[in-house]
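Here is how the chains run, residue by residue.
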Amino acid sequence: MAQQDTDQQHAGVLPVDDEGYVVDTEDCEERETGWRERGTSRPITVVGNPVLHKECADVTEFGPELEELIADMFASQRTAEGVGLAANQIGVSRKVFVYDCPDDDGVRHTGVVVNPRLVELPAAARRLDDSNEGCLSVPTAYAPLARPDYAEVTGQDEKGNPIKVRGTGYFARCLQHETDHLYGYLYIDRLSKRDRKDALRQMAENEPRYDVVAND
Ligand SMILES: [Zn+2]
């Protein structure tokens, strides 16, 4: 049935700006704490675990089970001191990621995206940023990786409402990195053979500072 009130049509969990993008910069501390206090921190899967190397399933049911998963993801993200976490990083093959990430202006962004899709941007609009990138699933390793410094993702919030999220700088990198995870890709899959090998060497030589799931 058609809604008369246009405000109601856009009633997602978070407010939206004039262009329809979620405002994920308000009440970050309260929202992040609210999620993680309901959740349980879980160990992080690492490169080589099959769950990280295949596309996750679309989320089709929005309810308490999904919210529990999201709460566990926020708890795990905090324990591992991450700025973003995909569901398969705690072993669940579902298309959901959470983030709690500053952009290059130091503004904190906190949110959840279900069934994300990266919006293709025209090549002319792309400016590459070759900052360092790391991943909780490749513990202790970092490598420079060129990525567009602006990204947009479409998807749904935890209640199933359609949302659009956009970000610049480090946060744009996060949106691309987390969406990649849910399609079975790690950032090291985008590195040269040499840089990938170096990242795996860094991982082998150092101890993670959080619990990980041992690979068989
Ligand atoms: Zn990652």
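What you see is a predicted model, and the numbers here were worked out from it, not measured in a lab.

1. Remarks on unusual backbone geometry
If you check the backbone angles, Asn115 has positive phi at about 50° while not being a glycine. Looking at where Asn115 falls in the secondary structure, it is placed in strand E3 (residues 108-118). Assessed through the 19 C-beta atoms surrounding it within 10 Å, Asn115 is described here as partly exposed. The phi dihedral of Thr140 is positive, around 75°, even though this residue is not glycine.

2. Comments concerning the pairing of strand E8 (residues 150-156)
Looking at chain direction, E3 and E8 are connected through three bridges and run antiparallel. Its bridge partner lying in E8, Arg117 is registered against Thr154. Judged from the seven bridges that link them, E8 and strand E9 (residues 162-168) form a sheet pairing that is antiparallel. Opposite Glu152, over in E9, you have Arg166 as the bridge partner. Between the antiparallel neighbours E8 and E9 lie five residues, among them Gly160 with a positive phi of about 95°.

3. Concerning the UniProt feature "active site" (unreviewed entry) in the protein chain
Those residues carrying the UniProt feature "active site" (unreviewed entry) are Glu178 in this numbering. Mapped onto the fold, Glu178 is located in helix H4 (residues 169-182). In this structure Glu178 comes out as buried when scored by C-beta crowding, with 26 C-beta atoms within 10 Å. If we skip the residues at most four places from it in the chain, Glu178 touches Gly84, Ala86, Phe97 and Tyr99.

4. Structural notes on the pairing of E3
Pairing analysis gives seven bridges linking strand E2 (residues 96-102) to E3, with the strands arranged antiparallel. Opposite Cys101, over in E3, you have His109 as the bridge partner. Linking E2 to E3, which pair antiparallel, is a turn of five residues; within it Gly106 sits at a positive phi near 80°.

5. A short note on H4
Between its first and last C-alpha, H4 extends 21 Å over 14 residues, near the 20 Å set by a 1.5 Å rise per residue. Among the 14 residues that make up H4, eleven are buried, leaving the element largely enclosed by the rest of the structure. Regarding H4, the residues found buried are Phe171, Ala172, Arg173, Cys174, Leu175, His177, Glu178, Thr179, Asp180, His181 and Leu182.

6. Regarding the sheet that holds E9
The sheet built from five strands is open, its strands ordered E1-E2-E3-E8-E9 with antiparallel pairing. This sheet does not close on itself; its edge strands, each paired only once, are strand E1 (84-86) and E9. The sheet shows a mean angle of 30° between the axes of neighbouring strands, direction not considered. Packing against the sheet, helix H3 (residues 64-79) makes contact with E1, E2 and E3, and its axis sits at approximately 35° to E2.

7. Overview of the packing of helix H2 (residues 28-38) against H3
Two elements in contact, H2 and H3, have axes whose closest approach is 7 Å; the angle formed by their N-to-C orientations is 105°. Between H2 and H3, the crossing angle belongs to the class labelled roughly perpendicular. Packed against H2, whose contacting residues are Glu32, Trp35, Arg36 and Arg38, the element H3 presents Ile70, Ala71, Phe74, Ala75 and Arg78 at the interface.

The rules we used
- Residues numbered from 1 in each chain as written.
- Predicted model: local features only at pLDDT ≥ 70, side-chain atom pairs only at ≥ 80, totals over all residues.
- Helix = DSSP H or I, 4+ residues; strand = E, 2+ residues; numbered from the N terminus.
- Buried ≥ 20, exposed ≤ 12 C-beta atoms within 10 Å, placed from the backbone.
- Pairing = 2+ DSSP bridges.
- UniProt positions renumbered as here; feature names shortened; annotations may be inferred.
- Contact = placed C-beta atoms within 7 Å.
- Expected span 1.5 Å × (residues − 1).
- Axes fitted to C-alpha atoms, helices over the stretch in contact; angles between N-to-C directions.
- Parallel < 35°, antiparallel > 145°, perpendicular 65-115°, else oblique.

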